[in-house]
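Secondary and tertiary structure notes
As a plain string of letters, each chain reads:
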Amino acid sequence: MKNILVFTCSLFFLMHIFSNGLNAQNVALVIHGGAGNVTKENIPDSLEIQYRNVMTKALNLGYDILNRGGSSQDAVKAVINIMEDSPLFNAGKGAVFTNAGTNELDAAVMDGATLKAGAVSGVRHIKNPIDAAIAVMSNSQHVLLYGVGAEEFAKSQGITMVDSSYFFTQKRFDQLKKAREKEESDQGFNYTQHPDFKFGTVGAVALDLNGNIFVGTSTGGMTNKRYGRIGDTPIIGAGTYANNNTCGLSATGHGEFFMRAVVTHDISALMEYKGLSIQEAADVVIHEKLVKMGGEGGVVGLDTLGNIMMSFNSAGMFRGYIKKDDQPVVLIFRDK
């Protein structure tokens with residue numbers, strides 16, 4: 001009887017260790033801060049340090065939440081809030097300007113466990129659009145809310161609202177003036193194809209101790225956009241997607257192409273139906289399908305085992321990741 005009790009206790013202990021070890025190994029977080037003409041020549045050393053510091057801070061905070069048993073949703077929210085509050089990125093405080101001189105922000109989230117999703121688009125007074133997207137997913141019957149209606153809902157949820165002047169940054173306003181001048185001086189100029197005017201979206205994908213994947217993406221859209229243009233970020237399956245059976249993905253780049261290629265869902269589908277790894281699937285879509293269409297940008301993600309993927313076809317992409325017991329890794333240029 002004593003031997004049986006000892007054996008049972010030992011077996012329970014081993015199962016406990018194995019289970020904890022497996023979960024701990026799977027905890028992971030990957031982020032991006034936009035893709036495009038991101039080269040060493042275009043990013044001064046002082047600015048590079050600022051980017052690395054903010055992204056490292058975001059990764060460390062997200063990891064701390066996950067490591068303490070917090071949910072992937074809580075980790076993604078915290079990470080994206082940091083990036084939305086930084087003027088470095090085209091999201092929240094650093095959002096670009098429309099042709100009319102306004103800021104119109106989009107954000108989306110998706111829960112890989114339930115396949116529930118929420119998104120807001122064209123909002124002008126929500127300090128952290130990712131918070132509103134989570135509220136749409138959690139507290140409404142809808143997936144995507146737009147403009148004034150989205151803001152009315154956000155107010156009803158106690159989401160922090162700000163005056164539109166909060167989003168003003170001189171750098172982004174100067175980019176708008178540059179885009180306008182280009183159009184006036186060159187009638188054939190297409191600002192949607194100019195590398196300075198379309199990238200900077202932020203995103204995060206997390207895998208928590210319970211094996212749940214959650215993804216969020218937030219953006220200020222495209223500099224000089226008109227007519228209420230909406231990009232891929234709030235479109236589930238284009239710029240944002242999560243499924244616990246496959247992966248979680250957040251994209252950044254020229255949204256029109258990402259919508260037409262249904263980039264994030266396509267990657268998940270290749271994994272589900274063809275058995276490709278997350279890296280293989282992403283490379284097929286980003287380096288083959290998207291390139292053939294003329295699209296530029298990238299995507300980050302992770303699978304159910306915590307394998308990290310960061311695939312892009314542009315000159316560079318602000319990106320980073322952290323896994324259980326690892327140090328945060330931040331990369332900006334193509335090779336580092």
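Cut-offs and rules
- Residues numbered from 1 in each chain as written.
- Predicted model: local features only at pLDDT ≥ 70, side-chain atom pairs only at ≥ 80, totals over all residues.
- Heavy atoms only, no water.
- Axes fitted to C-alpha atoms, helices over the stretch in contact; angles between N-to-C directions.
- Helix = DSSP H or I, 4+ residues; strand = E, 2+ residues; numbered from the N terminus.
- Parallel < 35°, antiparallel > 145°, perpendicular 65-115°, else oblique.
- Left-handed = near helix turned anticlockwise from the far one by under 90°.
- Contact = heavy atoms within 4.5 Å.
- Pairing = 2+ DSSP bridges.
- Buried < 20%, exposed > 50% of the residue type's maximum accessible area, 1.4 Å probe, protein only.
- Polar contact = N/O pair within 3.5 Å; in protein donor to acceptor, adjacent residues only side chain to side chain.
- Salt bridge = Lys/Arg side-chain N within 4 Å of Asp/Glu carboxyl O.
- Expected span 1.5 Å × (residues − 1).

1. Examining the packing of helix H8 (residues 263-274) against helix H9 (residues 278-293)
Axis angle and axis distance: for two packed helices, these are the angle between their axes and the distance between the axes, and together they describe the pair. As a packed pair, H8 and H9 sit with axes 8 Å apart at the nearest point and diverge in direction by 135 degrees. As the angle between them shows, H8 and H9 are arranged oblique. As for how H8 packs across H9, the hand of that crossing is right-handed. Together, Val263, Asp266, Ile267, Leu270 and Met271 of H8 and Ile278, Ala281, Ala282, Val284, Val285, Ile286, Lys289 and Leu290 of H9 make up the contact between the two elements.

2. Focus on the sheet that holds strand S12 (residues 329-333)
Taken together, the eight strands give an open sheet; going across it, the order is S4-S3-S2-S6-S5-S1-S11-S12, and neighbouring strands pair in mixed fashion. Both outer strands of the open sheet, strand S4 (144-146) and S12, are each paired with one neighbouring strand and no more. Taken over all neighbouring pairs, the strand axes of this sheet differ in orientation by 10 degrees on average, direction set aside. Bridge count for strand S2 (residues 105-111) against strand S3 (residues 117-123) is five bridges, and the pairing is antiparallel. Each residue of the ladder has a partner; that of valine 109, found in S3, is glycine 118. Here helix H3 (residues 72-84) sits on the sheet in contact with strand S1 (28-36), strand S5 (202-207) and strand S6 (213-219), set at roughly 160 degrees to S5. Set on the sheet, helix H5 (residues 147-156) makes contact with S3 and S4; between it and S4 the angle comes to about 110 degrees.

3. Description of the side chain of threonine 217
On the secondary structure map, threonine 217 appears in strand S6. The buried category is assigned to threonine 217, whose relative accessible area is 0%. A distance of 2.9 Å separates a polar atom in the side chain of threonine 217 from a polar atom in the side chain of threonine 240. At 2.8 Å, the side chain of threonine 217 forms a polar contact with the side chain of serine 250.

4. Considering the pattern of salt bridges
Applying the stated criterion across every chain, the model contains eleven salt bridges. Two residues, glutamate 48 and arginine 52, come together in a salt bridge whose shortest N-O distance is 2.9 Å. Of the two residues, glutamate 48 and arginine 52 are both situated in helix H2 (residues 45-67); the distance of four residues between them amounts to about one turn of the helix. Exposure remark for glutamate 48: the relative accessible area of 11% places this residue in the buried category. Measuring nitrogen to oxygen at the nearest pair gives 3.6 Å for the salt bridge that ties lysine 77 to aspartate 131. Taken as a pair, lysine 77 in helix H3 and aspartate 131 in helix H4 (residues 129-139) lie far apart in primary sequence, 54 residues in all. Among the residues examined, lysine 77 registers a relative accessible area of 30% and is labelled partly exposed.

5. A word on H8
The end-to-end C-alpha separation of H8 is 16 Å, in line with the 16 Å expected for twelve residues at 1.5 Å each. Within H8, the full set of buried residues consists of Val263, Thr264, Ile267, Ser268, Ala269, Leu270 and Met271. Residues of H8 that are buried make contact with strand S7 (240-243), strand S8 (247-253), helix H7 (255-260), H9 and strand S9 (297-303). Downstream of H8 by a residue or two, glycine 275 has a phi angle that is positive, lying close to 75 degrees.

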